[in-house]
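Each chain is listed here by its residues.
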Amino acid sequence: MSEISPLTSNDQADYVIPFTGLRMKDVPSVGGKNASLGEMISQLQEKGVRVPGGFATTAQAYRDFLSHSASGGETLAKRIEKRLAGVDVSDVRALADAGADIRQWIVDTPFQPRLEAELLDHYRKMVKASVGELSVAVRSSATAEDLQDASFAGQQETYLNIQGENEVLDAVKRCWVSLWTARAIAYRVKNGIKQEIVALAVVVQKLAFSDASGVMFTLNPINGRRSEMIVNAAWGLGESVVSSLVTPDTIVTDKSAVRIVSYEVANKEIMTVRTLDGTEEIPVPGRLRKKPALTRNQVIRLTQLGNKIEKY
């Protein structure tokens, strides 16, 4: 991980970059999620790895938002610095109050005009290129996620099934807001990471309307065998799996032979589904609870794709 730069303004930096323009060298600017998506789109789509398109907001967009003052007064960065000065991180109430103040300031502060224009321009291009209904996932991609001595994964928010220009703008800001929960602030203090050097990029990606979703590991994290892959899958969108709301099916495959070693079907009680204005968790219909979420052919195909991604 490259060194993280403090908050500085850069009028020439891009605020929004499509995935097609991103590579792993861009991790300091857009975070690991965005950079990895760009790398896969540019290098692996011709090999059959299908990645939904989208764009990233940059860490510089976040930094400039904090250093921007719409009314000509004190910047958000300075207000945050003053608010956190002297706060005892062991005092849960004081930390929660400080975090609540900062989050509200971010919500109340308008985007600088150039950033809003770039966001809307890229989103409108996605809408124009989309065949049928377009919904997006808006996810946090912290530029400090992969520091050697600290893990920020899972601390920031994800918003699924977002539709409409104002809703996308709101979701981007809500991702930024999630950087300032009491838990996130305290974690940075505990790990000796200065609050002012952590920036947040955002993923805006076309949402797949999936019947089943999950997570694939290209090695077995349970026993450490690199010859095996594990797929966890459940009904609906993947949020119920990654949030541990549901016990998913667990499928172990042999990578070199591309065959299923074991398929443990769970009693899947909860699923995340799309609604008119987001998502919700609902009970899985009785007929599906103990039915495999993935067919054997789908598992084999996933193993083949996992091999390609891991090899690259």
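Preceding block: the structure.
Model, not experiment: these values are computed from the prediction. (Residues numbered from 1 in each chain as written. Predicted model: local features only at pLDDT ≥ 70, side-chain atom pairs only at ≥ 80, totals over all residues. Heavy atoms only, no water.)

1. Description of the sheet that holds strand E9 (residues 259-264)
Phase 1 of the analysis: Read across the sheet, four strands follow the order E6-E7-E8-E9 without closing on themselves; strand pairing throughout is antiparallel. Pairing within the sheet leaves two strands with one partner each, and these edge strands are strand E6 (212-217) and E9. Recorded for the sheet is a direction-independent mean angle of 20° between the axes of neighbouring strands.
Phase 2 of the analysis: Where strand E7 (residues 228-235) meets strand E8 (residues 249-254), six bridges bridge the pair, whose relative direction is antiparallel. Residue Glu228 lies in a different strand from E8, and its bridge partner there is Asp254.
Phase 3 of the analysis: Docked against the sheet, helix H10 (residues 296-311) engages E6, E7, E8 and E9, running at close to 120° with respect to E9. (Pairing = 2+ DSSP bridges. Helix = DSSP H or I, 4+ residues; strand = E, 2+ residues; numbered from the N terminus. Axes fitted to C-alpha atoms, helices over the stretch in contact; angles between N-to-C directions. Contact = heavy atoms within 4.5 Å.)

2. Overview of the packing of aromatic side chains
Two aromatic rings, taken as a pair, are described by how far apart their centres are and by the angle between their planes.
Phase 1 of the analysis: Evaluation of the coordinates by the stated rule reveals four aromatic pairs.
Phase 2 of the analysis: Measuring from centroid to centroid gives 4.8 Å for Phe65 and Trp176, while their planes differ by 45°, and the two rings are tilted. Of this pair, Phe65 sits in helix H2 (residues 59-67) while Trp176 sits in helix H6 (residues 165-177), placing them 111 residues apart in sequence.
Phase 3 of the analysis: Ring centres of Phe111 and Trp176 lie 5.6 Å apart, and the angle between their planes is 65°; this geometry places the pair in the edge-to-face category. Taken as a pair, Phe111 in the loop between helix H4 (92-108) and helix H5 (113-129) and Trp176 in helix H6 lie far apart in primary sequence, 65 residues in all. (Phe/Tyr/Trp six-rings, centres within 6.5 Å; stacked < 30°, edge-to-face > 60°.)

3. Looking at unusual backbone geometry
Phase 1 of the analysis: Backbone geometry places Asn161, a non-glycine residue, at a positive phi of 60°.
Phase 2 of the analysis: Position of Asn161 relative to the elements: it lies in strand E4 (residues 158-162).

4. Let's talk about the pattern of salt bridges
Side-chain pairs of opposite charge can arise whenever the charged atoms involved come near each other.
Phase 1 of the analysis: Counted by the stated rule, this structure contains 12 salt bridges.
Phase 2 of the analysis: Measuring nitrogen to oxygen at the nearest pair gives 2.5 Å for the salt bridge that ties Lys82 to Glu74.
Phase 3 of the analysis: Among the ionic pairs, Arg174 bridges to Asp170, the shortest N-O distance being 2.9 Å. Note that Arg174 and Asp170 are positioned in helix H6 at a spacing of four residues, about one turn of the helix.
Phase 4 of the analysis: Arg174 gets classed as partly exposed once you look at its relative accessible area, which sits at 30%.
Phase 5 of the analysis: The exposure class of Asp170 is partly exposed, given its relative accessible area of 40%. (Salt bridge = Lys/Arg side-chain N within 4 Å of Asp/Glu carboxyl O. Buried < 20%, exposed > 50% of the residue type's maximum accessible area, 1.4 Å probe, protein only.)

5. Points about the nonpolar core
Phase 1 of the analysis: With 45 residues, the main nonpolar core has Val136, Val138, Trp176 and Trp180 as its most contacted residues.
Phase 2 of the analysis: Contributions of two or more residues to this core are made by H2, helix H3 (76-84), H4, H5, strand E3 (136-142), E4, H6 and strand E5 (200-206).
Phase 3 of the analysis: Grouped together as the second largest cluster of nonpolar side chains are 14 residues, Phe19, Leu37, Val203 and Leu305 included. (Core = buried A, V, L, I, M, F, W, Y, C linked by side-chain atoms within 4.5 Å.)

6. Topic: the sheet that holds E3
Phase 1 of the analysis: Spatially, the five strands line up as an open sheet ordered E1-E2-E5-E3-E4, and their pairing is antiparallel. Of all the strands in the sheet, just strand E1 (16-18) and E4 have a single pairing partner and so form its edges. Geometrically, the sheet is characterised by an average inter-axis angle of 20° between neighbouring strands, direction not taken into account.
Phase 2 of the analysis: Two elements, E1 and strand E2 (residues 54-57), share three bridges in a ladder whose sense is antiparallel. Bridge pairing in E2 places Ile17 opposite Ala56.
Phase 3 of the analysis: Across the sheet, H5 lies against E1, E2, E3 and E5, angled at about 170° from E2, the strand it touches most.

7. Quick notes on a positive patch on the surface
Phase 1 of the analysis: Together, Lys47, Arg301, Lys308 and Lys311 give the surface a local cluster of positive charge.
Phase 2 of the analysis: Topologically, Lys47 is positioned in the loop between helix H1 (27-44) and E2. (Patch = residues over 30% accessible without salt bridge, like charges linked within 9 Å, V, L, I, M, F, W, Y side chains within 5 Å. Areas by Shrake-Rupley, 256 points an atom, 1.4 Å probe, with all protein chains shown as cover. Lys, Arg positive; Asp, Glu negative; His and termini not counted. Charge placed at Lys NZ, Arg CZ, Asp CG, Glu CD.)

8. A few points about the layout of surface pockets
Phase 1 of the analysis: Volume-wise, the largest pocket comes out at about 2,400 Å³.
Phase 2 of the analysis: For the largest pocket, the lining is made up of 50 residues, of which Pro52, Ala208, Ser213, Gly214 and Val215 are closest to its centre.
Phase 3 of the analysis: The residue makeup of the lining of the largest pocket, split by class, is 25 nonpolar, 16 polar and nine charged. (1 Å grid on protein atoms, 1.4 Å probe; cavity = no way out; pocket = protein on both sides within 12 Å on 5 of 7 lines; lining within 4 Å. Points joined across faces, edges and corners; volume = space filled by probe spheres on them. Nonpolar A, V, L, I, M, F, W, Y, C, P; charged D, E, K, R; others polar.)

9. Notes on the packing of H4 against H6
Phase 1 of the analysis: Where H4 meets H6, the closest approach of the two axes is 9 Å, and the angle between their N-to-C directions is 155°. As judged from the angle between their axes, H4 and H6 are roughly antiparallel. Between H4 and H6 lies a crossing whose hand is right-handed. When H4 is examined against H6, the residues Arg103, Ile106 and Val107 are found in contact with a partner set consisting of Lys173, Trp176 and Val177.
Phase 2 of the analysis: Residue classes in the contact of H4 with H6 are distributed as four nonpolar, no polar and two charged. (Parallel < 35°, antiparallel > 145°, perpendicular 65-115°, else oblique. Left-handed = near helix turned anticlockwise from the far one by under 90°.)

10. Thoughts on H1
Phase 1 of the analysis: A rise of 1.5 Å per residue sets the reference length of H1, with its 18 residues, at 26 Å; its end C-alpha atoms lie only 18 Å apart and thus fall more than 12% short of the reference.
Phase 2 of the analysis: Its axis deflected by about 80° at Lys33, H1 carries its strongest bend there.
Phase 3 of the analysis: Burial in H1 covers these residues: Val27, Val30, Gly31, Gly32, Asn34, Ala35, Leu37, Gly38, Glu39, Ile41 and Leu44.
Phase 4 of the analysis: Packed against the buried residues of H1 are E2, E3, E5 and H10. (Expected span 1.5 Å × (residues − 1). Bend = angle between axes of the 7 residues up to and from the residue.)

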